[in-house]
Every structure is written in C-alpha cells, then in structure tokens.
Amino acid sequence: MSTFLAAFHFIRPWWLLLLLPAFLLWWAERRSADSTNRWQKVIDPELLKHLVTGGEARRRIRPGDVALLGWILGIVALAGPTWREVPSPFAAAARPAMILLKVTPSMLTTDLAPTRLDRARQKLDDLLKSRAGAPTGLVAYAGSAHLVLPPTVDGDVVLTMAKALSPEIMPREGDALGEAVTLAASVLADAKLGGSILVLADTAAPDEAATLAKPAVPVTILGLTPPDVAADAGLADAAKALGATLVATSVDDADVETMSRRLAAGAAPTLGQGEGERWEEAGYWLMPLIALIALLWFRRGWVLA
C-alpha cells in the first residue's frame, strides 16, 4: 500500500482545477433550489421551520448532487491518475538489422554448393523467416558499398533484391567492408531504432582490419567457408576489430539460430524525451462509474437546470 501511495500521481494535474467551478456550480444550484432562502430574511428562523413542509424530502440526494459526483469522477479521469510505469512500445518492438552482403568474384566459389553467394542467400532466407516481422535492410558491397534497401518488414523484398545482386553489377572490385559497416551504422542511427549489423562474407582483405572502427551497434559475421575449413584470417581480424561475433557456416540451422539470437539482442532504440518508460493511464477505470451515473438521468423527474 505504501508503494502505491508513493507512486500515485496525476499525469495532467491541471485538470483538477476544474473541481473549483464544479463545486461553485453545485453550490449555486443547491442554493437556488432552496425556496426557503428568500423567507429567511423576513421570518424568524425558529418560526420558519414550523411553517415549511417537505423539509425531509429536501434532504434526500438530488440530481445536483449526482451531477457533482459525475463531474468529480470525470475531472479525475481527465487528470490521468496513475501509479504504474509501463515500457515504451518502441523499446518492445523487434530490433532492426542491416544485412551486409559481399558481392565479389570470390563469392562465386563452389566449395559451398552451389556457390558461396547462393549459400548466403539461402541462409538469409532462413534468417528472414525466423525474424518474420522484424525490420531488415540490405547493403551490397565489393570495392564500394551501396544501400540496397533500408530496414523493411517485408522479408520477401529483401530476399528478392539479394537474389538480383551479382559481381557483374558492382561498379568496383575490391573489399570495402569498412565503408559498408559505416553505411549500415548510419542507416540504423538515422532510424533511431537501435538494431545490429550482420555481415555475410567469405573473406576480408588482410589490411582491412586496420581501417575498421567498432560501430555503436553489435556486429555479427557469418564466415562463408566450408565447415571443415578454418575461417579466413582476414575475416577473423576484421571481426576482432569490429568487436563482432564470427559464426561459422553449418550444414544445419545452428548458424541461423545463432545469428537470429544475436540480432534479437541488438542495441536498444535511441528514445527521445517522453519515449522511454511512461506512466500507464488509469483514468479509464472510472468510465463505468460515470456511465452508471449517466443512467440516472433517464429517470422521470430528474431535471437539472
């Protein structure tokens, strides 16, 4: 009980100022309805009480009293009574992810049948199904990085665009992993929804690690090499520089499950003022009482001028 009293407050307390005119209106109506007020100035009070009939009836609850109760409940509801905090709906939303797909001639190697690039698309398909409804964006990179799609909940569009990528359409050969990570991080930062980055690549340039900077969001790398082959040394160095988790490609769904868990635990959204923990509105609990009071006005003879 003490915890409840300590947390109880009104979200919009200025609405309580309406209680003052409500009481003034109730007092004015009650005074105007009392027909004995005009006689009290000319007849002695001791004599007046013997001349007035129906005094007991006037002491009953009148329509004005019920109206005052309804006003009080309505004003309290508008003031927003609350005593419990609830998480922001933005914080509870699925974390977005940016997929960085390497599109170079090395990704056409057939040691992962049919090719490393095709296997990356297959893993992406499984990942999108496990993350149904979660925003996912796509960046393609080779010697330069290019935003293909910003985060979208339409996984079919992401997969379709990934299938359309090939080394032939990339404008420059090379390995611009750092540029791709920077681009993906900026897209997530602009969205202010947190999230994480997933890199689908087979190798990384040996000197790439020296140019990489750890982004503000977590990074996961899927090394697209056969399960019996050690991960590329350059990719391992890149993972270390990015503070990333390097996941080996598996013949089953173990790698997809690992990536899905990592993406689900991505960075929390950047919430502005009023978007974090918020107080739960409780005024609506008074609405049934207000509705019951309103039903009394259907009684014959209940009139309030």
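Please refer to the structure higher up on the page.
Described below are features of the structure shown in this document. (Residues numbered from 1 in each chain as written. Predicted model: local features only at pLDDT ≥ 70, side-chain atom pairs only at ≥ 80, totals over all residues. Heavy atoms only, no water.)

### Some remarks on the nonpolar core
Thinking step 1. Counting residues in hydrophobic clusters, the biggest one holds 28 residues, and the most contacted among them are I99, L101, L127, L138, L198, L200 and L224.
Thinking step 2. Where this core is concerned, the elements lending two or more residues are β4 (97–102), α6 (116–130), β5 (136–141), α7 (155–163), β7 (196–201) and α10 (254–264).
Thinking step 3. For this core, the element with the highest residue contribution is α6, accounting for 5 residues.
Thinking step 4. Excluding residues that lie within four positions of it along the chain, L198 makes contacts with M98, I99, L100, L127, T220, L222, M259 and L263.
Thinking step 5. The next biggest cluster of nonpolar side chains, apart from the first, holds 24 residues, and it includes M98, V139, Y141 and A244. (Core = buried A, V, L, I, M, F, W, Y, C linked by side-chain atoms within 4.5 Å. Buried < 20%, exposed > 50% of the residue type's maximum accessible area, 1.4 Å probe, protein only. Helix = DSSP H or I, 4+ residues; strand = E, 2+ residues; numbered from the N terminus. Contact = heavy atoms within 4.5 Å.)

### Examining the environment of K129
Thinking step 1. Along the chain, K129 turns up in helix α6.
Thinking step 2. Its relative accessible area of 59% is what places K129 among the exposed residues.
Thinking step 3. Separated by 27 residues in sequence, K129 and D156 place their C-alpha atoms 9.4 Å apart.

### Digging into the pairing of β7
Thinking step 1. Buried residues dominate β7, accounting for 6 of its 6 residues.
Thinking step 2. Taking every second residue as pointing to the same face, both faces of β7 are buried, with S196, L198 and L200 on one and I197, V199 and A201 on the other.
Thinking step 3. Where β4 lies against β7, 5 bridges are found, and the strand directions are parallel. Bridging across to β7, L100 finds its partner in V199. (Pairing = 2+ DSSP bridges.)

### Let's talk about a nonpolar patch on the surface
Thinking step 1. A contiguous nonpolar surface patch, about 570 Å² in accessible area, is contributed by F8, W83, Y284, W285 and M287.
Thinking step 2. As for its placement among the helices and strands, F8 is situated in the loop between α1 (2–7) and β1 (9–10). (Patch = residues over 30% accessible without salt bridge, like charges linked within 9 Å, V, L, I, M, F, W, Y side chains within 5 Å. Areas by Shrake-Rupley, 256 points an atom, 1.4 Å probe, with all protein chains shown as cover. Salt bridge = Lys/Arg side-chain N within 4 Å of Asp/Glu carboxyl O.)

### A word on the pairing of strand β8 (residues 219–223)
Thinking step 1. With respect to burial, β8 is a largely interior element, 5 of its 5 residues being buried.
Thinking step 2. Burial along β8 is two-sided: the face carrying V219, I221 and G223 and the face carrying T220 and L222 are both buried.
Thinking step 3. Across 5 bridges, β7 lies against β8 in parallel orientation. Following the sheet pairing, I197 is matched in β8 by V219.
Thinking step 4. Where β8 meets strand β9 (residues 245–248), 4 bridges bridge the pair, whose relative direction is parallel. Across the sheet, the residue bridging to L222 is V247, located in β9.
Thinking step 5. Taken together, β8, helix α9 (residues 233–242) and β9 constitute a β-α-β crossover, and its handedness is right-handed. (Right-handed = clockwise from strand over helix to strand, strands pointing away.)

### Topic: the packing of helix α5 (residues 63–79) against helix α11 (residues 287–295)
Thinking step 1. At their nearest, the axes of α5 and α11 sit 10 Å apart, and the two run at 160° to each other. As summarised for this structure, α5 and α11 are arranged roughly antiparallel, according to the angle between their axes. As α5 packs across α11, the resulting crossing turns out to be left-handed. For the pair α5 and α11, contact is made by V66, L69, G70, L73 and G74 and by L289, I290 and I293, respectively.
Thinking step 2. Split by residue class, the contact of α5 with α11 holds 6 nonpolar, 2 polar and no charged. (Axes fitted to C-alpha atoms, helices over the stretch in contact; angles between N-to-C directions. Parallel < 35°, antiparallel > 145°, perpendicular 65-115°, else oblique. Left-handed = near helix turned anticlockwise from the far one by under 90°. Nonpolar A, V, L, I, M, F, W, Y, C, P; charged D, E, K, R; others polar.)

### Here we look at the pattern of salt bridges
Thinking step 1. If you walk through the whole model with that rule in mind, you get 9 salt bridges.
Thinking step 2. A salt bridge links E280 to R84; the shortest N-O distance between them is 2.5 Å. Separated by 196 residues along the polypeptide, E280 in the loop between β10 (278–279) and α11 and R84 in the loop between β2 (81–82) and β3 (85–86) bring together distant segments of the chain.
Thinking step 3. The exposure class assigned to E280 is partly exposed, which follows from its relative accessible area of 23%.
Thinking step 4. Two residues, R116 and D202, come together in a salt bridge whose shortest N-O distance is 2.9 Å.

### Some thoughts on the packing of aromatic side chains
Thinking step 1. A full pass over the atoms with the stated rule returns 3 aromatic pairs.
Thinking step 2. Ring centres of F8 and F10 lie 5.4 Å apart, and the angle between their planes is 75°; this geometry places the pair in the edge-to-face category.
Thinking step 3. Residue classification places F10 among the partly exposed residues on the basis of a relative accessible area of 22%.
Thinking step 4. Members of the aromatic cluster, joined through ring pairs, are F8, F10 and W83. (Phe/Tyr/Trp six-rings, centres within 6.5 Å; stacked < 30°, edge-to-face > 60°.)

### Here we look at α10
Thinking step 1. Of the positions making up α10, those classed as buried are D255, V256, M259, S260 and L263. Along the axis of α10, the buried residues cluster in a sector spanning 135°; they form a single face. Facing away from the buried side of α10, by more than 90 degrees, are the exposed residues R261 and A264.
Thinking step 2. For α10, the elements touching its buried residues are β4, α6, β7, β8 and β9. (Arc of directions from axis to C-beta.)

### Quick word on the sheet that holds β8
Thinking step 1. Reading across the sheet, the 6 strands line up as β6-β5-β4-β7-β8-β9 and stay open at both edges, with mixed pairing between neighbours. On the outer flanks of this sheet lie β6 (145–152) and β9, each paired with one strand and no other. Neighbouring strand axes in the sheet, compared pairwise and without regard to direction, differ in orientation by 20° on average.
Thinking step 2. Bridge count between β5 and β6: 5 bridges; the pairing is antiparallel. Paired with Y141 across the bridge in β6 is A145.
Thinking step 3. Running over the sheet, α7 touches β4, β5 and β6 and is turned about 165° from β6.
Thinking step 4. Sheet contacts for helix α8 (residues 177–191): β4, β5, β6 and β7; angle to β6, the most-contacted strand, approximately 30°.

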